[in-house]
Amino acid sequence: MADTVRSLEEIRSYSERYEIENDSPFISPDDFYFRPQPLRFVDEAQGLLNLAKWGGSAPGLHSVSGQTGAEPMTSEEKFFAGVPSASNTDTVKYRGHEYRRSWGGYDGGVEASIDGEWKGDTFDALCLRLDRAKRAADDGDLEGALLDIGPFLWFVRPAGASSGYWKYKYVLESHGVKLYIHSNPKGTIPPVRVRFGFECLARTDLFEAVDTLKKCLSDVGFSWEREVLSRVDMQVMLPVDIYEFVQAMQGARVVTQCRGKCEMVSDCRTLRIQTLTFRSRSMELCIYDKKAHFLDSDAVYYMTFYRWILGGEVPENLTRIEFRFRRAMLDRYGIRSFDDLRRSQGALPQLVGQEWFRILDRDKVRGSEREIKNAKIWDETLQAFQFYFGREITSSKRSVDSLKEFRSEKKPPQAERVLKQAVGCLASYAALTMPPSDDEDDVVGYCSDVLSAFSHVCTEKVLKKKVLYEVLRGFTSDGVSRVDCKREASLAFLHPAVAEFFDLW
């Protein structure tokens, strides 16, 4: 029994290693996260490694170790270089294949708009702080451009940005998360938008990052009510050459519903194909040489990818397969919130990997595409998606069939929005043509005269749209049906006096 007793030093040493190995950039700190390391620990590190030999090393793989790229790093080098623990990067057996835990996920990026309300005067106080930070950023004052929101420090950009349909005055960034805050969120304008980027999702679970952001916004008085996803990137990586996909696509072996463009990008120096993209308005499939991509990336991306995705070991071949879903495709399958995504993430790539895009193991025959088996490389791709997104079983998990059967709710026209557009157009016309006047009666009278000149056109359009709404969509403003046959539709376009004269009613 004495052999199993752990000493105080053993427990403390384990906890120190645990904190570094499990550091996530966007999880709210608690009693254990981000604790400063004791000086004794640093002294031991200097005695353990000859840090001086790294000073003259070249960038890239040699920046972390004095060894060549083919030689593995020692456990001590990985530890002090910030490489995650073996539990995060080792291989896992799944259906006869081995997968590395960090080779799949959402790190391509996830974007969403967030609806909610700012409480009391907290928003005005936040805007004052954000304005000061923006001015500081514009003046080159880095210290003044940094702002505390929740337990994190955020950098406030000197300029706003457009996101979705809206222009956001404030843009903040922290730990790979980009936050857009609207200065006057009225009507249908989302008060907040967010983009979780690679630097965040390479090390933090997406849904934990969402919970953390909720707490951050709550600390500054924002009540998060719901969110609407606008883009989701789901990816896996396989240790294969991209030419395995190129060869599998030769001939008539690709079946796709994509009605956009197929693009191929090659390196002009080597003439090797590096990227294959099938792009439509609602989604994309991108298959590309990830090794070539990350070797050409900037230093921060390179080191983050090298440490936290590859675990300090660069494979000979690395190909990434990425589904990029946009708002229309997500809506099609009823995926609007992060909870919808969590419940659907296992089935979604399997569905689009069979319905939207497939690679067959032989040339397709019209009408028999579904009976032909998938190419081996495509089956391996779908199995990888199943490993990274579909292994967790929950009671509310959605199946492929439930996604296919989903039908979005049909809503009547948003009359108020249409009215505002019409008033805006009329105001623009009046501003260009009427004599100068700030009298309300003059403006209304002028606009009334303009409408009167087009009264017959307006009346005809109103009648036509009413008939079309009822015939095509079964909609009437009061819920009473009036057009049930061709004769009634024809009479709808007659003036009541004419119909009465001929006794047609």
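What this report covers is the structure whose coordinates are included nearby. What you see is a predicted model; the values in this text were computed from it and never measured.

### Some remarks on the environment of Trp154
Link 1 in the chain: Position of Trp154 relative to the elements: it lies in strand 6 (residues 152-156).
Link 2 in the chain: Overall, the relative accessible area of 0% leaves Trp154 in the buried class.
Link 3 in the chain: Considering only alpha carbons, one finds Trp154 and Leu172, 18 residues apart in sequence, at a separation of 6.0 Å.
Link 4 in the chain: Apart from the residues lying within four places of it in its own chain, the contact partners of Trp154 are Phe26, Ala145, Leu146, Leu147, Ile149, Leu172, Glu173, Ser174, Val177, Leu179 and Leu213.
Link 5 in the chain: From its side chain, Trp154 meets the backbone oxygen of Ile149 in a polar contact 3.2 Å long.

### Brief notes about the pattern of salt bridges
Oppositely charged side chains are able to pair whenever their charged atoms sit close together.
Link 1 in the chain: Enumeration over the complete set of coordinates arrives at 23 salt bridges.
Link 2 in the chain: A salt bridge links Arg193 to Glu111, with the shortest nitrogen-to-oxygen separation between them at 3.7 Å. Here Arg193, found in strand 11 (residues 192-196), pairs with Glu111, found in strand 4 (residues 110-118); they are 82 residues apart in sequence, far enough to count as distant.
Link 3 in the chain: A relative accessible area of 21% places Glu111 in the partly exposed class.
Link 4 in the chain: Note that Arg336 and Asp331 form a salt bridge whose closest N and O atoms lie 3.1 Å from each other.
Link 5 in the chain: Residue Arg336 is classed as partly exposed on the basis of its relative accessible area of 33%.

### Details of the pairing of strand 12 (residues 222-238)
Link 1 in the chain: Most of strand 12 is tucked away, with 13 of its 17 residues classed as buried.
Link 2 in the chain: Here 9 bridges tie strand 4 to strand 12, and the two strands are oriented antiparallel to one another. Bridging across to strand 12, Asp115 finds its partner in Arg226.
Link 3 in the chain: Two strands pair when backbone bridges link them, and strand 12 and strand 17 (residues 319-326) are joined in this way by 8 bridges, in the antiparallel orientation. The residue of strand 17 that forms the bridge with Val232 is Phe325.

### Structural notes on unusual backbone geometry
Link 1 in the chain: The phi angle at His175 is positive, at roughly 55°, despite the residue not being glycine.
Link 2 in the chain: Taking relative accessible area as the criterion, His175 reaches 36% and is therefore assigned partly exposed.
Link 3 in the chain: One non-glycine residue, Leu271, lies in positive phi territory at about 65°.
Link 4 in the chain: As for its position among the elements, Leu271 is in the loop between strand 14 (261-266) and strand 15 (273-279).
Link 5 in the chain: Take Leu271: its relative accessible area is 66%, and that puts it in the exposed class.

### Here we look at helix 17 (residues 440-453)
Link 1 in the chain: Taking 1.5 Å of rise per residue, the 14 residues of helix 17 would be expected to cover 20 Å, and the 20 Å separating its terminal C-alpha atoms lies within 8% of that figure.
Link 2 in the chain: For helix 17, the side-chain oxygen to backbone nitrogen distance between the N-cap and Asp441 is 3.0 Å, and the N-cap itself is Asp439.

### Things to note about a nonpolar patch on the surface
Link 1 in the chain: Together, Leu142, Leu146 and Leu153 line one region of the surface with nonpolar side chains, adding up to about 250 Å² of accessible area.
Link 2 in the chain: Following the sequence through the fold, Leu142 ends up in the loop between helix 5 (122-138) and strand 5 (146-149).

How each quantity is defined
- Residues numbered from 1 in each chain as written.
- Predicted model: local features only at pLDDT ≥ 70, side-chain atom pairs only at ≥ 80, totals over all residues.
- Heavy atoms only, no water.
- Helix = DSSP H or I, 4+ residues; strand = E, 2+ residues; numbered from the N terminus.
- Buried < 20%, exposed > 50% of the residue type's maximum accessible area, 1.4 Å probe, protein only.
- Contact = heavy atoms within 4.5 Å.
- Polar contact = N/O pair within 3.5 Å; in protein donor to acceptor, adjacent residues only side chain to side chain.
- Salt bridge = Lys/Arg side-chain N within 4 Å of Asp/Glu carboxyl O.
- Pairing = 2+ DSSP bridges.
- Expected span 1.5 Å × (residues − 1).
- Patch = residues over 30% accessible without salt bridge, like charges linked within 9 Å, V, L, I, M, F, W, Y side chains within 5 Å.
- Areas by Shrake-Rupley, 256 points an atom, 1.4 Å probe, with all protein chains shown as cover.

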